[in-house]
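Architecture at a glance
One-letter residues, chain by chain:
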Protein chains: 4
Amino acid sequence: MTGTMNVGLVVDAVNQYMVTLNPEIAIDTSTANALVTECSDSYLNDMQGRHVRYEHVLSAIGAATAGQVEEGSVGAGTGMTLFGFKGGIGTSSRVLPDDLGGFVVGAIVLGNFGRRAQLTIAGVPVGRELSGWRPPEDVPEKGSIIVVIGTNAPKLDRGLRRLARRAGLGLARVGSISGNGSGDYIVAFSNVARIPHESDVLTMNFDHVVEDGPLIDALFQATIEAAEEAVVNALFRATTVVGRDDHVRHALPLEPTLQLLRKAGAIA
Amino acid sequence: MTGTMNVGLVVDAVNQYMVTLNPEIAIDTSTANALVTECSDSYLNDMQGRHVRYEHVLSAIGAATAGQVEEGSVGAGTGMTLFGFKGGIGTSSRVLPDDLGGFVVGAIVLGNFGRRAQLTIAGVPVGRELSGWRPPEDVPEKGSIIVVIGTNAPKLDRGLRRLARRAGLGLARVGSISGNGSGDYIVAFSNVARIPHESDVLTMNFDHVVEDGPLIDALFQATIEAAEEAVVNALFRATTVVGRDDHVRHALPLEPTLQLLRKAGAIA
Amino acid sequence: MTGTMNVGLVVDAVNQYMVTLNPEIAIDTSTANALVTECSDSYLNDMQGRHVRYEHVLSAIGAATAGQVEEGSVGAGTGMTLFGFKGGIGTSSRVLPDDLGGFVVGAIVLGNFGRRAQLTIAGVPVGRELSGWRPPEDVPEKGSIIVVIGTNAPKLDRGLRRLARRAGLGLARVGSISGNGSGDYIVAFSNVARIPHESDVLTMNFDHVVEDGPLIDALFQATIEAAEEAVVNALFRATTVVGRDDHVRHALPLEPTLQLLRKAGAIA
Amino acid sequence: MTGTMNVGLVVDAVNQYMVTLNPEIAIDTSTANALVTECSDSYLNDMQGRHVRYEHVLSAIGAATAGQVEEGSVGAGTGMTLFGFKGGIGTSSRVLPDDLGGFVVGAIVLGNFGRRAQLTIAGVPVGRELSGWRPPEDVPEKGSIIVVIGTNAPKLDRGLRRLARRAGLGLARVGSISGNGSGDYIVAFSNVARIPHESDVLTMNFDHVVEDGPLIDALFQATIEAAEEAVVNALFRATTVVGRDDHVRHALPLEPTLQLLRKAGAIA
């Protein structure tokens, strides 16, 4: 995940990293194609400067760890705008009950879309209620969102595509209209099936979720909720950022928001 | 729109109607292909009986008029189940403001999906709040929904496909998870461009909505809202139905629902 | 496979057959949805008459056997037109060598498309060479084709979709341009994996063809060749048919065609 | 068009060029997203070296002119392999007759796919006939192809997508099986409709080709033929290349090929 104008360099840096890790690439085996996603951070960032460099990419890969993920105005999230407020990185997950295998579905988003009036949190039209909040909304960004869904449920491509589509329903719950300018990309992966790069055998089999079984709707529900909550978390964790040309993107005002949620009975 | 097991006969009856209307079909011009949509009404209906007959189809076509549409447990809606309550036909529309051309987007749905706990009205988790309502939910239907979106905004196929996809976001707002058993079909049309059946000219042009212009996000928003509200209207207008084998599907209890909406501040 | 205007009745008849076979349909289990494909036979057939009846459908199902398939002007093929000549049903198959598992790929087509000048057999532009053949081509049909690909290679939906797309490449080899009026439908199935209708287990696994293994390109090649040859067989086996209003569709003139193939070295 | 491992840098260089040309990008207007396509040239090229630099990209853009296009082992074509022979850039076009508007359809390909035995030229199985040609085929490349279709026929996105799909039928005629390892990308554009980047008007109209009119099948046929011939031209114009580690890719032997075509009557 990065800003739109950095994609080329990040692809090149990931390729460089892949070659270091797998020196046989493009010599004894096939090539590597990096998957790099982007949203525009033009309001806050000097995008023409393309300030992401090779060392940033390699250091980001090197710093990747399991565990808690930083959210809000970090990394690619630094320049993002969400429902007219400061956006960025958000994450959330759901764990299925034991009798459904205890599988986990997680979502991480780079949130950069929407107008203030559309923002809906836990069903409460927070954005409309905050219509008078100062400062008023700027000219609306023509944003987008990247969603990555990961699961340890065994899913092949069909199952993952179905999860990815459900993530879009989670975005709808927060108020997304998949606006015209919005290039919404959703990527889903399972970390279970290891598909060999090259293989001499004719057939193989992998455990995967039964489509008409008891698990599938639970995974759909989990995906929708995780995607929805990840966007909300991006908003709640983002902090006000001052960018290029004194452009300011304000964080969601937390206290007024919490009051609205309490009033509607959405939180205690 | 009809019940699943009637599709064949309804297609045949529509073809018969088309031939009566256009006696040149399949003789001097090409053939006709009826578009017939279906949801399963197996809980309430003796589907094996395939009780829809030619005269029902022709009489339904003959009775079609402009103006108010009957909603709830009517027509194909008679046997439908929605979030565990009685479902069926619902409709809703939005009119854009004059400076956006005053265009209309309308939705009509045949609603037949969802579990009680998923039902969300105006953002309020009505279904969860009604979890104790008697009688309890039956074994969940594996339902589906048909949505038809119509507009007088000039849209070609690309624009209509984009509207159809937004209708799905409206379903998400009511609590749809596009469940595994749910074959959700969305059809969109515009009544503006008249594309000639056969033509001797090489090129043509039609007015159509500019994709990066001021109208498109308004049409998206209108579509989402109309689809959402059409499902809610189907619930509010449906009445309890007793079907085959004494199966009963209860209408949404209106007074408790309205109380929940009032309490959350969703309605006055 | 049937003529366009019969689809409704055939769907209904198949549903009736399915209910007889599985009396629990739509009562204790879910509904059945028949897959019925169609091409237009308007030039030869009185399509408005919709002459296919329930007993024809049930008798066709009852008569289905393993083994040799009738080809040419039979069944749905009776009214078809292929490259301006008499078309219809054709079939072909390929068996992979033992070291590739000995798997079989078969194709059956209902061929109803193309203009004389496009016809290409074994790479030889037979249609162009026959341009002066009498009688001249009628006003070109706006045809289509149905292709069904069956295999005993273990393939899940992704693998089958990939086979179906390759079948289209086989059609290209015979001269198909997937013309504007041509609704080309390709259905692929494998008879190996038995997916339970309803299941209580969470996950399952099926043997399936490795995508980066030694088998996949062989299956692609087999599919392309079988689809191509099935169309050629439909042409070679079809016989001249006189239809409604004294319309005549002439069979491909075999001897001139064979001479052209010999001259080009395509056959001995 | 470039080699796989250069994509990142080429994207970045195109973005740099775009910013120079349009200094308002990402400041007063939206961002630019470069469309860069790739095939693997791993057999001949030291891909890990990623030898394409900014100056190469800018100089290639600067050198672009109307008129004759270099073909064969040039540019991205330098390292390509086609049916086991030397591949690369090929181009071809068709002009419709005046009564069909005189429209032009052109194709340019970066050809990098196929095994020797599959090669078919003008319907003649040249590759099979050359099976004994020395040196024998190397371990088969897992190639791919990029096709760009351009036309001055007025086409909107739907029409262009339909052309792109027909280009695939042209590839089938040369022997392509769209092999498993083959990422075949086809891009189509029309240079007629100028869609404004941002617009204040609600609707617009563009001339575009009537789908059921006299032009569409001619454009399909032209696209298929141009794509087919562009691949053949890539083969005929490519010259033997010696690459990394003394890897050699031999050009198609022209005289034996022409003899085979003459013998089959495909050329005089």
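1. Observations concerning the interface of chain B and chain C
With 28 residues of chain B in contact, the opposing surface of chain C contributes 28 residues. Carbon and sulfur atoms make up 51% of the area that chain B and chain C hide from each other, which totals about 2200 Å². When the buried surface of chain B facing chain C is broken down by residue, B:Met5, B:Gln48 and B:Arg50 rank first, second and third, together holding 27% of it. Taken together, the connections running from chain B to chain C amount to two salt bridges. Taking the shortest distance from any N to any O, the salt bridge between C:Asp12 and B:Arg50 comes out at 2.7 Å. Remark: the boundary between chain B and chain C carries 14 residue pairs in polar contact (both at pLDDT 80 or more). The leading source of residues in the side of chain B that touches chain C is helix 1 (residues 7-21) of chain B, at seven residues. Here the residues of the side of chain B that touches chain C are counted per class, giving eleven nonpolar, ten polar and seven charged.

2. Some points on the packing of helix 4 (residues 157-174) of chain C against helix 5 (residues 216-237) of chain C
Residue and element names in this part refer to chain C. Between helix 4 and helix 5, the least distance of the axes is 7 Å, while the angle of their chain directions is 45 degrees. With respect to helix 5, the axis of helix 4 lies oblique. Crossing handedness for the pair helix 4 and helix 5: right-handed. Across from Arg 162, Leu 163, Arg 166, Ala 167, Leu 169, Gly 170, Leu 171, Arg 173 and Val 174 in helix 4, the residues of helix 5 making contact are Ile 216, Leu 219, Phe 220, Gln 221, Thr 223, Ile 224, Glu 225, Ala 227, Glu 228, Val 231 and Val 232. Across the contact of helix 4 with helix 5, the residue classes break down as twelve nonpolar, three polar and five charged.

3. Structural notes on the relation of the copies chain B and chain C
Expressed as a screw transformation, the operator carrying chain B onto chain C has a rotation angle of 180 degrees and an axial translation of 0.0 Å, and the superposed copies differ by an RMSD of 0.0 Å. On the angle and the small slide along the axis, the relation comes out as a two-fold axis. Looking at the rotation axis and the C-alpha trace of chain B, the residue lying nearest is B:Gly8, at 2.0 Å. A shared interface surface links the copies, since 100% of the contact residues of chain B are contact residues in chain C too.

4. Describing the sheet that holds strand 5 (residues 88-95) of chain A
All names here are of chain A. Ordered in space as 5-6-7-8, the four strands form an open sheet in which the pairing is mixed. Edge positions in the sheet fall to strand 5 and strand 8 (185-190), since each of these pairs with one other strand and no more. Averaged over all neighbouring strand pairs, the angle between strand axes comes to 15 degrees, with direction disregarded. Pairing geometry for strand 7 (residues 144-151) and strand 8, over six bridges, is parallel.

5. Side note on the interface of chain C and chain A
Contacts between chain C and chain A engage 27 residues on the former and 27 residues on the latter. Area buried by chain C at its contact with chain A is led by C:Leu202, C:Thr203 and C:Val210, which between them contribute 28% of it. Our count for the chain C to chain A interface comes out at two salt bridges. Put simply, C:Asp157 and A:Arg158 hold a salt bridge, and the shortest N to O gap is 3.4 Å. Applying the counting criterion to the chain C and chain A interface returns ten residue pairs in polar contact (both at pLDDT 80 or more). Going through the elements one at a time, helix 4 and strand 9 (203-209) of chain C are the ones with two or more residues in the side of chain C that touches chain A. Here the side of chain C that touches chain A gets seven residues from one element, more than from any other, and that element is strand 9 of chain C. Taken together, the residues of the side of chain C that touches chain A break down into twelve nonpolar, seven polar and eight charged. Looking at chain direction, strand 9 (residues 203-209) of chain A and strand 9 of chain C are connected through seven bridges and run antiparallel.

6. Brief notes about the sheet that holds strand 6 (residues 104-112) of chain D
Residues and elements named next belong to chain D. Strand order in the open sheet formed by four strands is 5-6-7-8, with mixed pairing between adjacent strands. Each of the sheet's edge strands pairs with one partner strand only, and the pair in question is strand 5 (88-95) and strand 8 (185-190). The sheet shows a mean angle of 15 degrees between the axes of neighbouring strands, taken without regard to direction. Helix 5 (residues 216-237) rests against strand 5, strand 6 and strand 7 (144-151) of the sheet, and its axis sits at about 150 degrees to strand 5.

7. What about the environment of C:Gly213?
Relative to the assigned elements, C:Gly213 resides in the loop between strand 9 and helix 5. Sequence spacing of C:Gly213 and C:Gly77 is 136 residues, and the spatial spacing of their C-alpha atoms is 38 Å. Once residues lying within four places of it in the same chain are set aside, the contact partners of C:Gly213 are A:Ser199 and A:Val201.

8. Notes on the confidence of the model for chain A
Summing up the model confidence of chain A, the mean pLDDT is 95 and the portion of residues at 70 or higher is 99%. Model confidence for the complex: the whole-complex pTM is 0.97, and ipTM, which rates the interface, is 0.96.

9. Quick word on the side chain of D:Asn6
Following the sequence through the fold, D:Asn6 ends up in the loop between strand 1 (2-3) and helix 1 (7-21). Setting aside anything within four residues of it in sequence, one finds D:Asn6 in contact with D:Arg50, D:His51 and D:Val52.

10. Thoughts on the nonpolar core
Inside soluble globular proteins, nonpolar side chains tend to come together where they are buried. Ranked by size, the top nonpolar core spans 97 residues in total, and within it C:Leu119, C:Val231, D:Leu119 and D:Val231 carry the most contacts. Apart from residues lying up to four places away in sequence, D:Leu119 is in contact with D:Phe83, D:Phe85, D:Val124, D:Pro125, D:Val126, D:Gly127, D:Val174, D:Leu235 and D:Leu252. Listed in part, the 93 residues of the second largest apolar core include A:Ile224, B:Val105, B:Ala107 and B:Leu119.

Definitions and limits used
- Residues numbered from 1 in each chain as written.
- Chains lettered and ligands numbered in written order.
- Predicted model: local features only at pLDDT ≥ 70, side-chain atom pairs only at ≥ 80, totals over all residues.
- Heavy atoms only, no water.
- Contact = heavy atoms within 4.5 Å.
- Buried area = accessible area lost by both parts, 1.4 Å probe.
- Salt bridge = Lys/Arg side-chain N within 4 Å of Asp/Glu carboxyl O.
- Polar contact = N/O pair within 3.5 Å; in protein donor to acceptor, adjacent residues only side chain to side chain.
- Helix = DSSP H or I, 4+ residues; strand = E, 2+ residues; numbered from the N terminus.
- Nonpolar A, V, L, I, M, F, W, Y, C, P; charged D, E, K, R; others polar.
- Axes fitted to C-alpha atoms, helices over the stretch in contact; angles between N-to-C directions.
- Parallel < 35°, antiparallel > 145°, perpendicular 65-115°, else oblique.
- Left-handed = near helix turned anticlockwise from the far one by under 90°.
- Least-squares fit on C-alpha atoms with pLDDT ≥ 70 in both.
- Pairing = 2+ DSSP bridges.
- pLDDT = per-residue confidence, 0-100.
- Core = buried A, V, L, I, M, F, W, Y, C linked by side-chain atoms within 4.5 Å.
- Buried < 20%, exposed > 50% of the residue type's maximum accessible area, 1.4 Å probe, protein only.

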